Amino acid sequence: MQRKKRVLLAGESWVSAATHYKGFDQFGSVTFHLGAEPLVKALEGSDYDLHYMPAHEAATAFPMTMADLSAYAAVLLSDLGSNTLLLHPDVWLRGKPVPNRLKLVRDWVAGGGGLMMIGGYFSFQGINGAARWHKTPVEQALPVTCLAVDDRVEIPNGFSAELVEPGHPVLDGLGGEWPLLLGVNEVELKAEGQLLAKLPDDEGGHPLLVAGTHGKGRTLAWTSDIGPHWVPDAFMAWDGYARLWRQSLDWLTSVR
């Protein structure tokens, strides 16, 4: 039996705090949310062993050494700002130096790893520019360049992807009209990046899916999300949803 390839998904969790006012009285509540369940379900029964590391765990649990990172065939960064990996508690609370995990990811890709950044409010440059992946070592490995400002493109009316390279292995069998998506992070295509899918020209023509290489490794940028709100239920229910993620991982990890 072929051993499953290990994949690390870091990010896709958040905590929400609310204050409830009822006349004179008020009380607070806190809720915890996971955002990657659709992808987790899409990879069930596949050739991949997915390790889902929520954002609040990544600050300490994301690999600190090349040996630990090399246990994975691919790393997916989704809705996870760069500060989470830069500000380990030893740095933030104790003023101690630790390895720079952004450089570690870049160098791991150069050695043959597969990296994918998935869009969201804390992906690429993100809301108010707060994700801050612009001009980082991770950006050096990606096939796109992040903007220096808030890069969200909200499209509440929805758009259907335009396939530029339908013959690419990631898009095999995914021709035809896709269900609507509701937004992306705007990025700039690098000269060496291969544009696989984009937004329609009347919605800006921005990159949606880009493939590339860094050293011996492969990289992908998917500028929309895993799930709501940019990815509606109809897209997640589409037969192509699971196929898109599985074929993305097939291509990313084919060099390992």
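Our structure is the block above this text.
Residues numbered from 1 in each chain as written. Predicted model: local features only at pLDDT ≥ 70, side-chain atom pairs only at ≥ 80, totals over all residues. Heavy atoms only, no water.

## Examining the sheet that holds strand S1 (residues 5–11)
Okay, step 1: Spatially, S4-S1-S5-S6-S14-S13-S12-S9 is the arrangement adopted by the 8 strands of the open sheet, whose pairing is mixed. If you trace the sheet from one side to the other, it starts and ends with strand S4 (48–53) and strand S9 (162–163), each paired once.
Okay, step 2: Pairing between S1 and S4: 6 bridges, direction parallel. Looking at the pairing, Val7 lines up with Leu50 of S4.
Okay, step 3: Lying over the sheet, helix H6 (residues 101–110) contacts strand S5 (74–78), strand S6 (114–118), strand S13 (207–214) and strand S14 (217–222), oriented at roughly 120° with respect to S14.
Okay, step 4: Here helix H9 (residues 239–252) sits on the sheet in contact with S1, S4, S5, S6, S13 and S14, set at roughly 155° to S14. (Pairing = 2+ DSSP bridges. Helix = DSSP H or I, 4+ residues; strand = E, 2+ residues; numbered from the N terminus. Contact = heavy atoms within 4.5 Å. Axes fitted to C-alpha atoms, helices over the stretch in contact; angles between N-to-C directions.)

## Topic: the layout of surface pockets
Okay, step 1: In this structure, the largest pocket spans a volume of roughly 290 Å³.
Okay, step 2: Lining the largest pocket are 13 residues, with Trp14, Asp79, Tyr121, Asp225 and Pro228 sitting closest to its centre.
Okay, step 3: When grouped by side-chain class, the residues that make up the lining of the largest pocket number 5 nonpolar, 5 polar and 3 charged. (1 Å grid on protein atoms, 1.4 Å probe; cavity = no way out; pocket = protein on both sides within 12 Å on 5 of 7 lines; lining within 4 Å. Points joined across faces, edges and corners; volume = space filled by probe spheres on them. Nonpolar A, V, L, I, M, F, W, Y, C, P; charged D, E, K, R; others polar.)

## Details of the packing of aromatic side chains
Okay, step 1: Applying the stated criterion to the full structure yields 9 aromatic pairs.
Okay, step 2: Each ring, one from Trp178 and one from Trp222, has its centre 6.5 Å from the other, and the planes form 35°; the classification is tilted. Of this pair, Trp178 sits in the loop between S9 and strand S10 (181–185) while Trp222 is found in strand S14, placing the two residues 44 residues apart along the sequence.
Okay, step 3: Here Trp222 falls in the buried class, since its relative accessible area comes to 1%.
Okay, step 4: With a centroid separation of 6.2 Å and an interplanar angle of 70°, the aromatic rings of Trp222 and Trp245 are classed as edge-to-face. Here Trp245 lies in helix H9 and Trp222 lies in strand S14, a separation of 23 residues in the sequence. Trp245 carries the same exposure label as Trp222, and that label is buried.
Okay, step 5: Taken together, the ring pairs in this structure connect Trp178, Trp222, Phe235, Trp238, Tyr241 and Trp245 into an aromatic cluster. (Phe/Tyr/Trp six-rings, centres within 6.5 Å; stacked < 30°, edge-to-face > 60°. Buried < 20%, exposed > 50% of the residue type's maximum accessible area, 1.4 Å probe, protein only.)

## Focus on the pairing of S5
Okay, step 1: Of all 5 residues in S5, 5 are buried; the element is thus mostly enclosed.
Okay, step 2: Along S5, one buried face is formed by Ala74, Leu76 and Ser78 and the opposite face, lined by Val75 and Leu77, is buried too.
Okay, step 3: Two strands pair when backbone bridges link them, and S1 and S5 are joined in this way by 5 bridges, in the parallel orientation. In the sheet register, Leu9 faces S5, and the bridge partner there is Leu76.

## Some remarks on unusual backbone geometry
Okay, step 1: Pro228 connects to His229 through a cis peptide bond whose omega is 15°.
Okay, step 2: Within the secondary structure layout, His229 lies in the loop between S14 and helix H8 (233–237).
Okay, step 3: The residue Asp79 is not glycine, and still its phi comes out positive at about 55°.
Okay, step 4: Assignment of secondary structure puts Asp79 in the loop between S5 and helix H4 (82–86).
Okay, step 5: Even without being glycine, Lys135 reaches a positive phi, approximately 60°.
Okay, step 6: With respect to the helices, strands and loops of the structure, Lys135 is situated in the loop between S6 and helix H7 (137–141).
Okay, step 7: Lys135 sits in the exposed class, given a relative accessible area of 69%.

## Re the nonpolar core
Okay, step 1: Formed by 39 residues in total, the largest nonpolar core has its most connected members in Leu76, Trp178, Leu208, Leu209 and Trp222.
Okay, step 2: For this core, the element with the most residues is H9, which contributes 6 residues.
Okay, step 3: Sequence-distant contacts of Trp178, that is, excluding residues within four places in its chain, are made with Ser160, Ala161, Leu163, Leu171, Leu208, Trp222, Phe235, Trp238 and Leu244.
Okay, step 4: In this structure, Val75, Leu104, Val105 and Val109 belong to the second largest nonpolar core, which totals 31 residues. (Core = buried A, V, L, I, M, F, W, Y, C linked by side-chain atoms within 4.5 Å.)

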